[in-house]
Amino acid sequence: MFVLAKGGEPLMPCHPARARELLGSGRAVVVRRAPFTIRLKHRGCADSAVPGVQLRLDPGSKATGIAVTDERARSTSTGQAAVERRGLIAIELRHRGRQIHSAMTRRAAYRRRRRSANLRYRAPRRDNRSRPDGWLPPSLRHRIDSTMSLVARLCRYAPVREIHVEQVAFDTAAIAASPSADARDIREPAPAGSEIREFLLATWKRSCAYCGAAGVPLNIEHVRPRSRGGSDRVTNLVLACIPCNQAKGTATVDEFLADRPDRLKNVTAQLRKPLHDVAAMNTTRLVLVKALATRGVPVHAWSGGRTAGNRLAMGLPKSHTLDALANGLMDRERGDRIVRVPAQILVVRSTGRGSYARTTPDRYGFPRLQRPRRKVQHGYATGDLVVAVVPRGKWAGKWVGRVAVRTSGQHRITTLTSRFDVSYRNLRLLQRADGHAYGFTEEIRWSEETGPA
Ligand SMILES: [Zn+2]
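All values derive from a computational prediction rather than experimental measurement.

Moving on: the overall build of the protein. A tally of regular secondary structure across the protein gives 11 helices and 25 strands. Expressed along its principal axes, the backbone C-alpha trace of the protein runs to roughly 80 × 75 × 50 Å.

Listed below in structure tokens is the structure:
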């Protein structure tokens, strides 16, 4: 829970139980429902110790994981100073790049139809198709903009002193320069230099390159064997299951896959284009890191291989928020570790703020229905965060979700898992629309002693 001082300055986030206690005794008031933020009524910023928190980001194409953490020094049994990292708040920001892409495609189709319908050809008077420097497609631009707006808000609610971000999925320079990757079992905890291992796992989708077997132990395999002059560079490495690895022996890939030509074509095609795809994927993240750097908080950029190494070493499963939590420098040999994982994830879904158009078109662009002039219907506007208390029926119970209004007053509620209609009389407003839908989901159960449950 985020905590603000009397004057609105951010203090250290607190545990939900502590927030309940403060609110119950009347020492604090609720500022926002999502993300849940309280303001202390009597305590100023000068009365509190504010060591500060770190914001950790794992940008992804569909969702970005965000973790608010703090770090404390502790001494290990050998007397060394190590760092304990605590996850305080976990947020999963779900992007809407797909919707934006389809909306842009639809708009292009309408325009194309209009052009051929009633315009004669006229040569363009000037080049109106130029794009400014740093232009990104709107669906990619949205990822950066929505992440930045959430980061700006979090910096208002929490004393953010550092931002750690996964800048590149894989450090292409490190992979290209990688000296060697010996063929050991890829499942064993990744030591330093795990960059290449994670890269191969992602490239070959965690399956054998020769037979497609997944969920089996995989070895790093030399396409052209070392005994026949094959190098250790990534362009000569694939993942293979143990039977394939042994069956191939010292044969080249052409000999080994001679009877499976389509498989051979796949393998050689994938080998020929390894690093360019990754570089393209990294572009959006690079722009994000540049944007974050303008906030005036130190930004540290890390690679995905390092994140995965940290996460595996702590026995954490893969999720957006856990990747964000494991992001950054962790000297595991010194004894650095993660000691707390937030139990709940706040899911923030980008929904947009509706449309200016007051008609809904059909798929050819002709008006299908008129939208009402007023956005507010029976006290609610589409996008508001509400609590619905349904007295009876299939959906009986208490729900928190996003409302979509109807002129009839039978508004539609959308939660993370369900969608149903309910009368405005059974609703209570929590927070006005801000372009996001909010929900909670459980983080994967995990404890330091037992690992994931
Ligand atoms: Zn195989």
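This next bit is on unusual backbone geometry. Note that the residue after Ala-34, namely Pro-35, is joined by a cis bond; omega there is -10°. Of note in the backbone geometry, Arg-206 takes a positive phi value of approximately 55° without being a glycine. Mapped onto the elements of the fold, Arg-206 is located in the loop between α5 (195-203) and β9 (218-222). C-beta crowding within 10 Å serves as the criterion here: with 14 such atoms nearby, Arg-206 is assigned to the partly exposed category. One non-glycine residue, His-378, adopts positive backbone phi at about 55°.

Right, let's talk about helix α2 (residues 97-118) for a bit. In this model α2 runs 32 Å from its N-terminal to its C-terminal C-alpha over 22 residues, within 8% of the 32 Å that 1.5 Å per residue would give. In terms of burial, α2 is a largely surface element, zero of the 22 residues being buried.

Here the protein averages 84 in pLDDT, while 90% of its residues score no lower than 70. Residue range residues 179-193 is modelled with pLDDT below 50. Its contacts to residues more than four positions away, or to other chains, number 24 contacts.

Attention shifts here to the pairing of strand β3 (residues 28-32). Examined bridge by bridge, β3 and strand β4 (residues 37-40) share four bridges and lie antiparallel to one another. Within β4, the position partnered with Ala-28 by the bridge is Leu-40. Connecting the antiparallel pair β3 and β4 is a turn made up of four residues.

All right, on to the sheet that holds strand β22 (residues 427-431) then. Taken in spatial order, the five strands make up an open sheet running β21-β20-β19-β18-β22, and their pairing is antiparallel. Taken across any chain shown, the strands that pair with only one partner, and hence form the sheet edges, are β21 (419-423) and β22. Looking at each pair of strands side by side, their axes are set apart by 45° on average, direction ignored. As defined by bridge partners, strand β20 (residues 410-414) adjoins β21 across five bridges and the pair is classed as antiparallel. Each bridged residue has a counterpart across the sheet, and for Thr-414 the counterpart in β21 is Arg-419.

Two strands pair when backbone bridges link them, and strand β5 (residues 53-58) and strand β6 (residues 63-75) are joined in this way by five bridges, in the antiparallel orientation. If you follow Gln-54 over to β6, its bridge partner there is Thr-69. Connecting β5 to the next strand, β6, in antiparallel fashion are four residues. Here 13 bridges tie β6 to strand β7 (residues 81-94), and the two strands are oriented antiparallel to one another.

Glancing now at the sheet that holds β4. Spatial strand order, β2-β1-β4-β3: four strands in an open sheet with mixed pairing. Single-partner strands in this sheet number two, and they are β2 (10-11) and β3.

Our next topic: the packing of α2 against helix α3 (residues 138-157). Running from N to C, α2 and α3 cross one another at 145°; their axes reach a closest spacing of 8 Å. Crossing geometry of α2 relative to α3 is assigned as right-handed. Here Gly-97, Ile-100, His-101 and Met-104 of α2 lie close against α3, whose contacting residues are Pro-138, Ser-139, Leu-140, His-142 and Arg-143. Of the residues assigned to the contact of α2 with α3, the class counts are four nonpolar, four polar and one charged.

Reading guide: rules and limits
Residues numbered from 1 in each chain as written. Predicted model: local features only at pLDDT ≥ 70, side-chain atom pairs only at ≥ 80, totals over all residues. Helix = DSSP H or I, 4+ residues; strand = E, 2+ residues; numbered from the N terminus. Buried ≥ 20, exposed ≤ 12 C-beta atoms within 10 Å, placed from the backbone. Expected span 1.5 Å × (residues − 1). pLDDT = per-residue confidence, 0-100. Contact = placed C-beta atoms within 7 Å. Pairing = 2+ DSSP bridges. Axes fitted to C-alpha atoms, helices over the stretch in contact; angles between N-to-C directions. Left-handed = near helix turned anticlockwise from the far one by under 90°. Nonpolar A, V, L, I, M, F, W, Y, C, P; charged D, E, K, R; others polar.

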